[in-house]
Amino acid sequence: MPDFESAKAAYEKAIAKTPERKDALFKTLSGGEVKPLYTPADTQGDDYQKDLGFPGEFPYTRGVHTTMYRGRLWTMRQFAGFGTSTETNKRFHYLLEHGQTGLSVAFDFPTLMGYDSDHNRSRGEVGRCGVAIDSVDDMSDLFDGIPMDQVSTSMTINGPAAMLFAFYIAAAERQGVSSEKLRGTIQNDILKEYHAQNSWLIGPEPSIRIITDIFKYAAKSVPQWNTISISGYHIREAGSTAGQELAFTLADGLCYLDEGVKAGLEIDDFAPRLSFFFDVHIDFFEEIAKFRAARRIWAREVKKRGAKDPKSMLLRTHAQTAGVSLTAQQPENNIVRTAFEALAAVLGGTQSLHTNSYDEALALPSEKAVQIALRTQQIVAHETGVPNVIDPLGGSYFVEALTDRIEAEAYEYFKRIEELGGMFAAIDSGFFRREIAKSSFMQQREIETGRRKIVGVNCFDGEHEDPHAQPLLYIDPKLEEEQKRRVQRTRATRDALKVEAALRKLEEACRGKDQNVMAALVDCARVRVTQGEMCDVCRKVWGEYRKLAAV
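Residues numbered from 1 in each chain as written. Predicted model: local features only at pLDDT ≥ 70, side-chain atom pairs only at ≥ 80, totals over all residues. Heavy atoms only, no water.

A. Summary view of the pairing of strand β4 (residues 183–186). Bridge count for strand β3 (residues 152–156) against β4 is four bridges, and the pairing is parallel. Following the sheet pairing, Ser152 is matched in β4 by Arg183. A crossover links β3 with its parallel partner β4, the connecting element being helix α6 (residues 161–174), and its sense is right-handed. By the bridge criterion, two bridges tie β4 to strand β5 (residues 225–226) in an arrangement that is parallel. By the bridge assignment for β5, Gly184 is matched with Trp225. (Pairing = 2+ DSSP bridges. Helix = DSSP H or I, 4+ residues; strand = E, 2+ residues; numbered from the N terminus. Right-handed = clockwise from strand over helix to strand, strands pointing away.)

Take a look at the structure:
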């Protein structure tokens, strides 16, 4: 066997004389240098096996399940929501009929911001970027004909997450389904709203109070539900690097763990119901490494906090292909981009996946585009052979070195957050927003100068192309008026005395420390209180959050 060090030295001497492409950018999307070759010397040497282990075993670098996709494929979800609950219900039935295995709900801006559809601030936005849900009546219509004990539902909602969760529980009761049988996830990740997405109701500390109340309530009443999906997706979409996405997301998750323990919960009683939600960008290997590093860091940090149950240490994640990688120019190219991103998510070991539709840079997706996006996942699952092998890229010198690099970057960010005084102090100082803005600027500058190639945008761009020639989904403006009438009809036909009593108890729960806010919200949902009315109580008690440092 030849001497490795001698062979390596000879190779490096030879490659130093070999010219490289002058127009190429030999960096990851996050800016990390990519060497021409990776060898065992680029991995962690004696720690290599300790940092990998086997799939389904600590530290879970190679996957959270022993057999991974040989035992069960990932859940295939398509994010859907537009117009009224009746309109979106039709799309849900369409998706289920075409092989989707889980539902994922997109809400409109008024719902995301905690306003009813007939509020002045909702004007022009009702049903535009998602479905309008004002009360349990809408939630019941959204799942009409869909047995809620037979589907897993993910709801991307944060500021008013508790209110929409309450509607879901109450709607299931109308179907005769007990909350113990419900499966799914609410995103409920308020910290990342202050970093990137900006849809909050109140400040970080009272928001965490509601979240820990959700943890307590669900542990007893909705035991199969994932009570929070800690999201890096929106952080990445705002312009962060992969390393920042990983670091800020895991820092948020660890904060939720610490706050839950402070609130009196045992870590093993609620940590197993925490899940994650990551972006899958176009830099193929970096994304795979990100998922592997995330599992390893989470497992070690949760164990360090005293967890004994292995389920507490499992980082289970949903993934979504990158919306910001989609282009309005030559939109059919987005089908290819999404396919590569989906493949990276699977090779990275996701448990659930949403693939974006190729026309989403132009409008909400059409049915044809949604079908292609779903078929993309099905082709990866059933034709490529990729799911047949557990962690097929494990042992790749390049992937392992990238994993180590991203892990080290995350720990450096953890240190900086701690030096700033912890999560809440870092939010108030604008730290996260500044870091994301800087990386976003650098990435955009590379694109605009042509250093980073985007096919169809700054290279290989055909002349006389009309990006709006695509058949797009049209939202009828009349749907807004219809939804306003729906919420007004709900208010007119409910028991006013029960509503008044439920809202009074909700305010008492918010003001007190020994009452569970989530339990009070479920009682409100049952008597048809609207989400705007519930959110107004929270704003009244805690005030709206406005303290954000300038970037």
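B. A look at the confidence of the model for the protein. Per-residue confidence for the protein averages 89 on the pLDDT scale, and 92% of its residues sit at or above 70. The element-level mean pLDDT for the protein is lowest in helix α1 (residues 4–16), coming to 70, with helix α20 (residues 517–526) highest at 98. (pLDDT = per-residue confidence, 0-100.)

C. Inspection of the side chain of Asp213 at higher detail. Within the secondary structure layout, Asp213 lies in helix α8 (residues 204–221). Excluding anything up to four places from it in sequence, Asp213 contacts Gln515, Asn516, Val517 and Met518. (Contact = heavy atoms within 4.5 Å.)

D. Expanded view of the pairing of β3. For β3, the tally of buried residues reaches five of five residues, placing the bulk of the element in the interior. Burial of the side chains of β3 extends over both faces: Ser152, Ser154 and Thr156 are buried on one face and Thr153 and Met155 on the other. (Buried < 20%, exposed > 50% of the residue type's maximum accessible area, 1.4 Å probe, protein only.)

E. Quick look at the environment of Gln320. Tracing the chain through its elements places Gln320 in strand β8 (residues 317–321). The spatial distance from the C-alpha of Gln320 to the C-alpha of Val280 is 5.9 Å, given a sequence separation of 40 residues. Sequence-distant contacts of Gln320, that is, excluding residues within four places in its chain, are made with Tyr233, Phe277, Phe278, Asp279, Val280, Leu353, His354 and Asn356.

F. Up close: the environment of Val151. Within the element layout of this structure, Val151 appears in the loop between α5 (136–142) and β3. Note: C-alpha distance between Val151 and Arg452 (301 residues apart in sequence) is 42 Å. In contact with Val151, other than residues within four places in its own chain, are Leu103, Ile146, Tyr168 and Arg183.

G. A look at a nonpolar patch on the surface. On the surface, a nonpolar cluster with roughly 260 Å² of combined accessible area is contributed by Ile282, Val336 and Phe340. With relative accessibility at 46%, the residue Val336 sits in the partly exposed group. (Patch = residues over 30% accessible without salt bridge, like charges linked within 9 Å, V, L, I, M, F, W, Y side chains within 5 Å. Areas by Shrake-Rupley, 256 points an atom, 1.4 Å probe, with all protein chains shown as cover. Salt bridge = Lys/Arg side-chain N within 4 Å of Asp/Glu carboxyl O.)

H. Geometry of the pattern of salt bridges. Per the stated rule, a full pass over the model turns up 35 salt bridges. Its salt-bridge partner being Arg491, residue Asp116 comes within 3.1 Å of it at the nearest N-O pair. With Asp116 in the loop between α4 (109–113) and α5 and Arg491 in helix α18 (residues 478–493), this pair connects stretches of sequence that are 375 residues apart. You can call Arg491 partly exposed: its relative accessible area is 28%. A salt bridge links Glu173 to Arg526; the shortest N-O distance between them is 2.8 Å. Placement of Glu173 in helix α6 and of Arg526 in helix α20 is noted, with a sequence separation of 353 residues between them. With a relative accessible area of 40%, Arg526 lands in the partly exposed category. Counted as one network, the salt bridges with shared partners bring together Asp116, Asp118, Arg491, Arg494 and Glu533.

I. Region of the structure containing the packing of α8 against helix α10 (residues 242–262). Across the interface, α8 lies against α10 with an axial gap of 10 Å and an inter-helix angle of 75 degrees. Between α8 and α10, the angle is such that the two are roughly perpendicular. Facing α8, whose interface residues are Ile208, Ile211, Thr212 and Phe215, α10 presents Tyr256, Glu259 and Gly260. Split by residue class, the contact of α8 with α10 holds four nonpolar, two polar and one charged. (Axes fitted to C-alpha atoms, helices over the stretch in contact; angles between N-to-C directions. Parallel < 35°, antiparallel > 145°, perpendicular 65-115°, else oblique. Nonpolar A, V, L, I, M, F, W, Y, C, P; charged D, E, K, R; others polar.)

J. Examining the environment of Ser352 more closely. Secondary-structure assignment places Ser352 in strand β9 (residues 352–354). Considering only alpha carbons, one finds Ser352 and Arg70, 282 residues apart in sequence, at a separation of 15 Å. If sequence neighbours within four positions are ignored, Ser352 has contacts with Trp74, Thr75, Arg77, Thr317, His318 and Ala319. Within the structure, the side chain of Ser352 is placed 2.7 Å from the side chain of His318, a separation counted as a polar contact. (Polar contact = N/O pair within 3.5 Å; in protein donor to acceptor, adjacent residues only side chain to side chain.)

K. Structural view of unusual backbone geometry. A cis amide bond, omega 5 degrees, links Phe58 with the succeeding residue Pro59. Relative to the helices and strands, Pro59 is located in the loop between α2 (48–52) and β1 (75–80). Within the chain, Tyr60 stands out as a residue other than glycine whose phi angle is a positive 65 degrees. Checked against the element boundaries, Tyr60 lands in the loop between α2 and β1. For Tyr60, a relative accessible area of 6% translates into the label buried. Here Asn188, not a glycine, exhibits a phi torsion of approximately 55 degrees, which is positive. Inspection of the secondary structure assignment puts Asn188 in the loop between β4 and α7 (191–197).

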